[in-house]
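Here is how the chains run, residue by residue.
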Amino acid sequence: MVNNKQASHHGGLPTTLILDIPFSTLTFAETVDWCTQRIEAKEATHVVTANPEIVMMAQRNLSFRRILQEAEMVTPDGIGIVIAAKWRNQPIYERVTGYDLFQALLQVGETKGWSVFLLGASPDANTGAEAKIKERFPGVRVVGRQHGYFPPEAEGRIVERIQEAKPDLLVVAMGAPRQEEWIARYREELPPMLMIGLGGSLDVMAGKVKRAPQWVQSIHMEWLYRLLKQPSRWKRMLDLPRFLYHAWKE
Ligand code: UDP
């Protein structure tokens, strides 16, 4: 569809700006292909999977906003983003959630023999996720891992370990904004690889946290399911209506 508000391009990627964040408008399958090409070409790539909460965080925190604007790709992680894009008449076809993208990349990695480094989550969830990857994707090599509860003085050594391991894919699962800040701070020191912040995905992979059933996801109520399962998140989730309000005004 051609209209006078054509999606802009962000480093060759078709995007639409939502509250100053350049969201990729690629479908899920196209996103997986794009990430695959970047990995195979060994191009340093920061992927942010951004939900409304992250967009609101970026509204309040200028340096975090800059990190999102400089990332090679920001994917629409949540139905709120898809709705906001529709209001702008620059449709995003579907959600691209962190967990689903992670699974899809592991699947591709299985055939390509990719290596992965897992940084973040509790020690238990971190080892649990590694075990699940070995079981479900034996073609993927886990070349290093580190739980996400380390002191600042351990960072240098962790960066060295990632440099030595040279993974194709670096998963940073320490929650936003910490994971994105971590990637932005160290990306220049790391070999070229795909770096992605994946929030609670290692917890889900390890079976510590359950994702909403498929039918709940298909009626776009995953956010409600998460709220009911982890009521302590209610304060964070106020960002969803706030996001919709600001996106509507925009
Ligand atoms: N986490 C971590 N280090 C920290 C704080 C959190 O590794 O200092 C991990 C935590 O164990 C969890 C993930 O980061 O696995 C954050 O999960 P959350 O559900 O908050 O992320 P979301 O997907 O909502 O961004």
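First, a word on scope: everything that follows refers to the structure included in this document. (Residues numbered from 1 in each chain as written. Predicted model: local features only at pLDDT ≥ 70, side-chain atom pairs only at ≥ 80, totals over all residues. Heavy atoms only, no water.)

### Overview of the pattern of salt bridges
What the rule picks out here adds up to 17 salt bridges. Ionic pairing is found between Asp 168 and Lys 42, a salt bridge with its closest N-O pair at 3.4 Å. Of this pair, Asp 168 sits in the loop between α7 (155-165) and β8 (169-173) while Lys 42 sits in the loop between α1 (28-40) and β4 (45-50), placing them 126 residues apart in sequence. When its relative accessible area of 12% is taken as the criterion, Asp 168 is described as buried. The exposure class assigned to Lys 42 is exposed, which follows from its relative accessible area of 52%. Salt bridges sharing partners connect three or more residues here, namely Arg 95, Asp 100, Arg 211 and Glu 222. (Salt bridge = Lys/Arg side-chain N within 4 Å of Asp/Glu carboxyl O. Helix = DSSP H or I, 4+ residues; strand = E, 2+ residues; numbered from the N terminus. Buried < 20%, exposed > 50% of the residue type's maximum accessible area, 1.4 Å probe, protein only.)

### Looking at the site of the ligand
Ala 121, Gly 148, Tyr 149, Arg 178 and Asp 203 are the nearest of the 15 residues found near the ligand. Gly 175 places a main-chain nitrogen or oxygen 3.4 Å from an oxygen atom of the ligand. Interatomic distance of 2.9 Å between a side-chain N/O atom of Arg 236 and an oxygen atom of the ligand. Notes on the ligand: free accessible area 550 Å², of which the protein chains cover 75%. In the shell around the ligand, the residues fall into four nonpolar, six polar and five charged. (Near = heavy atom within 4 Å. Polar contact = N/O pair within 3.5 Å; in protein donor to acceptor, adjacent residues only side chain to side chain. Areas by Shrake-Rupley, 256 points an atom, 1.4 Å probe, with all protein chains shown as cover. Nonpolar A, V, L, I, M, F, W, Y, C, P; charged D, E, K, R; others polar.)

### Some remarks on the sheet that holds strand β1 (residues 8-10)
Here three strands make up an open sheet; going across it, the order is β1-β2-β3 and the pairing antiparallel. Edge positions in the sheet fall to β1 and β3 (21-24), since each of these pairs with one other strand and no more. Between one strand axis and the next, the sheet turns by 55° as a mean value, whatever way the strands run. Judged from the four bridges that link them, strand β2 (residues 13-18) and β3 form a sheet pairing that is antiparallel. Bridging from a neighbouring strand, Leu 17 pairs with Pro 22 of β3. (Pairing = 2+ DSSP bridges. Axes fitted to C-alpha atoms, helices over the stretch in contact; angles between N-to-C directions.)

### What about the sheet that holds strand β5 (residues 73-76)?
Ordered in space as β5-β4-β9-β8-β6-β7, the six strands form an open sheet in which the pairing is parallel. Two strands bound the open sheet, and with one partner strand each, they are β5 and β7 (141-146). Averaged over all pairs of adjacent strands, the angle between their axes in this sheet comes to 20°, without regard to strand direction. Pairing of β4 with strand β9 (residues 194-197) involves four bridges; the strand directions are parallel. Paired with Thr 45 across the bridge in β9 is Leu 194. Each of β4, β5, β6 (115-120), β8 and β9 is contacted by helix α5 (residues 98-112), which is oriented at about 140° to β4, the strand it contacts most. Most of the contacts of helix α8 (residues 178-186) go to β9, to which it runs at about 155°, and overall it touches β4, β6, β8 and β9. (Contact = heavy atoms within 4.5 Å.)

These values are about where atoms sit, not about what they do.
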